[in-house]
Amino acid sequence: TGRWMGVGGGLLTSGFIAAGAASGPANTNATEIWNGAGWTTVNNVTDARRYLSGGGPTTAALIFGGGPAPSVPNQKLTESWNGVGWTTVNELNTGRQYGSGICGADAQTNALFAGGQVPAATGKTEQWDGSTWSEVALLGNPRAQMAGSSAASSTAGIVSGGQPYTNVTEEWTKAVSAKTVTVS
């Protein structure tokens, strides 16, 4: 299914892509799994939306936030994937779009949602513990549309770049919270 502004995740030779914007103003709730050789359509996400975040493996992913369109209120919705279908779980504290999802293999029990727009750029960061979202240390530089990454575990990750345009990279670890590293 062709789309843009969806969310994806996966590890090594398998991955997924979910939701996003279809052609024109419509959103899609389609989910597809990559098995290393081709795409397979699987069960749809609960709510079609774009500008969302998330990640994790194809057997245990998490997606959150987003919005139907830039002019519509941001969503707090969080959905969990068990390899077969999506289930709605507890919502974010603050709905936003264009944030960075930092999700490793343990996404269903430990994930971060950093930054985004509410409607202006924010430094808000929330951590998922498997059942609820909690507000944790703010980003040092409020922004949206940044790149984010984590290792196999979501206990540490980075966000880099973003809007407003910046070359700032910030590192987050569960033990230390946030540390700003500026790279030219």
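My aim in this report is to walk through the structure given alongside it, one point at a time.

What counts, and where the lines are drawn
Residues numbered from 1 in each chain as written. Predicted model: local features only at pLDDT ≥ 70, side-chain atom pairs only at ≥ 80, totals over all residues. Heavy atoms only, no water. Helix = DSSP H or I, 4+ residues; strand = E, 2+ residues; numbered from the N terminus. Contact = heavy atoms within 4.5 Å. Areas by Shrake-Rupley, 256 points an atom, 1.4 Å probe, with all protein chains shown as cover. Core = buried A, V, L, I, M, F, W, Y, C linked by side-chain atoms within 4.5 Å. Buried < 20%, exposed > 50% of the residue type's maximum accessible area, 1.4 Å probe, protein only. Pairing = 2+ DSSP bridges. Axes fitted to C-alpha atoms, helices over the stretch in contact; angles between N-to-C directions.

1. Some details on the overall build of the chain
What the chain contains, in helices and strands, is 0 helices and 16 strands. Sequence separation of 24 or more characterises 41% of the internal contacts of the chain that already satisfy a separation of 6 or more. Of the roughly 8100 Å² of accessible surface on the chain, a fraction of 55% belongs to carbon and sulfur atoms.

2. Notes on the nonpolar core
The biggest cluster of nonpolar side chains holds 10 residues, and these are V7, A18, A19, I33, V45, L52, A61, I63, W81 and W86. With sequence-adjacent residues up to four places away left out, A18 is seen in contact with R3, G6, V7, A30, T31, V45 and W86. One finds F64, C103, A111 and W128 within the second-largest nonpolar core, a separate group that totals 9 residues.

3. Points about the sheet that holds strand β11 (residues 125-128)
Here 4 strands make up an open sheet; going across it, the order is β9-β10-β11-β12 and the pairing antiparallel. Each end of this open sheet is capped by a strand with a single partner; those strands are β9 (100-103) and β12 (133-136). On average, adjacent strands in this sheet sit at an angle of 25° to one another, irrespective of strand direction. Where strand β10 (residues 111-114) meets β11, 4 bridges bridge the pair, whose relative direction is antiparallel. Residue A114 lies in a different strand from β11, and its bridge partner there is T125.

Shape is all these values report; function is a separate question.
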